Amino acid sequence: MMGLLVFKERLKEFYARFEIYITPVIKFLFSLLAFSLMNKNIGFMTKLTEPYIPLVLALVCSFLPYGAISFLAAGFMLAHLSGISLEITLVMAVFIVVVGLLYYGFQPGDSYLLVLTPVFFLLKIPYAIPLIVGLSGSVISVIPVSCGVFIYYTLLYVKQNAGVLTNDMSVDQVVKFMQLMKVLLSNKLMLVMVTAFALSLVVVAVTRSLSMDYSWIIAIVAGSIAQLSVIFVGDIVADVSVSVIRLLVGILFSIVIAGIYTFFVFAVDYSRTEYVQFEDDDYYYYVKAVPKLTVSAPDVKVQKINARKLQRPQR
């Protein structure tokens, strides 16, 4: 445990010292991963699948805020979708514009979740998203996470029905647009996942803000149970087919990820909790103070000791 705490403190010191260089690198890797996964899963426009395209775009994104990265990724996605269906491109464009106007005009800070949520789905660790976001964000973060779930299942639908979307030219565009909207909004699995993620995020965000010991650990467990409960109910009521083994493994792996995140962000020593009471002219204040679990990194100094030369006795 002491070794992990020392490692944590050294990481914090390293990041504080080289933040100006580390942040662009993180943005570059995040963007490169997003563009590469889109090329791999919805690479319908062959010109964008060239290896240098994601590299150049990721390099540009390393100097942009996360909000700009999200909308650049949205443009990249729309360009790919336009290579298969004009109607599905219009659906996604309208969706992105509505989300941008209704949400990101006043809460742009977590716009990266629009991209990060589908990325976690593609990496097969989607259940970690509501846990991590609930621990670090607010209840309103449920909006971009839910939108990210919708984007993922829309892209999954396009990937699975690419041939039908490309060859169905006899149907009127307006009728085809309405059919697509109906199909997407009636996706039972997507609706169950949106409900599970939203409920889990709210449970985690509310629980971790409570004034009780081990609130973050309890929040992770409660959020995981909320996800499992909604998915199991959806499996029974909405006849949604979900692999139980894959679901349980994904939940357990997500708990581990959230636990590691908690250790590096919110490690406290509840054994040294203090309760303070004071007052002013209008109020009494009752404060619970929990010290952070920190340790000073050892300052190791190596001192070289030279052996004294033996002096020969004088004759």
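- The name given to the chain in an unreviewed UniProt entry is ABC transporter permease, and the organism recorded there is Lacrimispora celerecrescens.

### Re the overall build of the chain
1) Next: The number of helices and strands found in the chain is twelve helices and two strands.
2) Next: For the chain, the sequential pattern of α-helices and β-strands runs α-α-α-α-α-α-α-α-α-α-α-α-β-β.
3) Next: Expressed as a percentage of its 315 residues, the buried residues of the chain come to 40%.
4) Next: Sequence-distant contacts in the chain: of pairs separated by 6 or more residues, those separated by 24 or more amount to 71%.

### Overview of the pairing of strand β1 (residues 274–279)
1) Next: Counting buried positions along β1 yields zero of six residues, so the element is predominantly exposed.
2) Next: One ladder, built from six bridges, connects β1 with strand β2 (residues 284–289); its direction is antiparallel. If you follow E279 over to β2, its bridge partner there is Y284.
3) Next: Between β1 and the antiparallel strand that follows it, β2, lie four residues.

### Quick notes on the UniProt feature "transmembrane region" (unreviewed entry) in the chain
1) Next: Mapped onto the present numbering, the UniProt feature "transmembrane region" (unreviewed entry) falls on residues 20–39, 51–78, 84–106, 113–133, 139–158, 189–210, 216–237 and 244–268.
2) Next: Taken end to end, residues 189–210 is 91% helix and 0% strand, and its two terminal C-alpha atoms sit 32 Å from one another.
3) Next: Overall, residues 244–268 shows 88% helix and 0% strand. The separation of its end C-alpha atoms is 35 Å.

### So, the layout of surface pockets
1) Next: Counted as a void, the largest pocket has a volume near 500 Å³.
2) Next: Every residue lining the largest pocket is counted, 18 residues in all, and those nearest its centre are K124, P126, Y127, M193 and R246.
3) Next: Residue assignment for the lining of the largest pocket shows that the elements contributing at least two residues are α7 (142–160), α10 (188–208) and α12 (244–265).
4) Next: Here the lining of the largest pocket gets five residues from one element, more than from any other, and that element is α12.

### Some thoughts on the packing of aromatic side chains
1) Next: Under the counting rule described, the total for this entry stands at 14 aromatic pairs.
2) Next: Ring centres of F30 and Y66 lie 6.1 Å apart, and the angle between their planes is 70°; this geometry places the pair in the edge-to-face category. Placement of the pair is F30 in helix α1 (residues 2–42) and Y66 in helix α3 (residues 66–81), with a sequence separation of 36 residues.
3) Next: With relative accessibility at 28%, the residue Y66 sits in the partly exposed group.
4) Next: Relative to Y112, the ring of Y66 has its centre 5.7 Å away and its plane inclined at 55°; by these criteria the two rings are tilted. Placement of Y66 in helix α3 and of Y112 in the loop between α4 (86–102) and α5 (113–122) is noted, with a sequence separation of 46 residues between them.

### Overview of a nonpolar patch on the surface
1) Next: Taken together, the side chains of F7, L11, V256, I260, F264, V265 and F266 present a nonpolar region at the surface, about 590 Å² in accessible area.
2) Next: Every element with two or more residues in the nonpolar patch is listed here: α1 and α12.
3) Next: Mapped onto the elements, F264 comes out in helix α12.

### Describing α7
1) Next: The end-to-end C-alpha distance of α7, which contains 19 residues, comes to 27 Å, matching closely the 27 Å that a straight helix rising 1.5 Å per residue would cover.
2) Next: Counting buried positions along α7 yields 15 of 19 residues, so the element is predominantly enclosed.

### Focus on the packing of helix α11 (residues 215–237) against α12
1) Next: Orientation of α11 relative to α12, taken along the N-to-C sense of each, is 160°, at an axis distance of 10 Å. Accordingly, the angle class assigned to the pair α11 and α12 is roughly antiparallel. When you trace α11 past α12, the crossing you get is right-handed. Contacts between α11 and α12 pair W216, I217, I220, S224, Q227, L228, I231 and F232 from the former with L247, L248, I251, I255, A258, G259, T262 and V265 from the latter.
2) Next: When its residues are assigned to classes, the contact of α11 with α12 shows twelve nonpolar, four polar and no charged.

Calculation rules
- Residues numbered from 1 in each chain as written.
- Predicted model: local features only at pLDDT ≥ 70, side-chain atom pairs only at ≥ 80, totals over all residues.
- Heavy atoms only, no water.
- Helix = DSSP H or I, 4+ residues; strand = E, 2+ residues; numbered from the N terminus.
- Buried < 20%, exposed > 50% of the residue type's maximum accessible area, 1.4 Å probe, protein only.
- Contact = heavy atoms within 4.5 Å.
- Pairing = 2+ DSSP bridges.
- UniProt positions renumbered as here; feature names shortened; annotations may be inferred.
- 1 Å grid on protein atoms, 1.4 Å probe; cavity = no way out; pocket = protein on both sides within 12 Å on 5 of 7 lines; lining within 4 Å.
- Points joined across faces, edges and corners; volume = space filled by probe spheres on them.
- Phe/Tyr/Trp six-rings, centres within 6.5 Å; stacked < 30°, edge-to-face > 60°.
- Patch = residues over 30% accessible without salt bridge, like charges linked within 9 Å, V, L, I, M, F, W, Y side chains within 5 Å.
- Areas by Shrake-Rupley, 256 points an atom, 1.4 Å probe, with all protein chains shown as cover.
- Salt bridge = Lys/Arg side-chain N within 4 Å of Asp/Glu carboxyl O.
- Expected span 1.5 Å × (residues − 1).
- Axes fitted to C-alpha atoms, helices over the stretch in contact; angles between N-to-C directions.
- Parallel < 35°, antiparallel > 145°, perpendicular 65-115°, else oblique.
- Left-handed = near helix turned anticlockwise from the far one by under 90°.
- Nonpolar A, V, L, I, M, F, W, Y, C, P; charged D, E, K, R; others polar.

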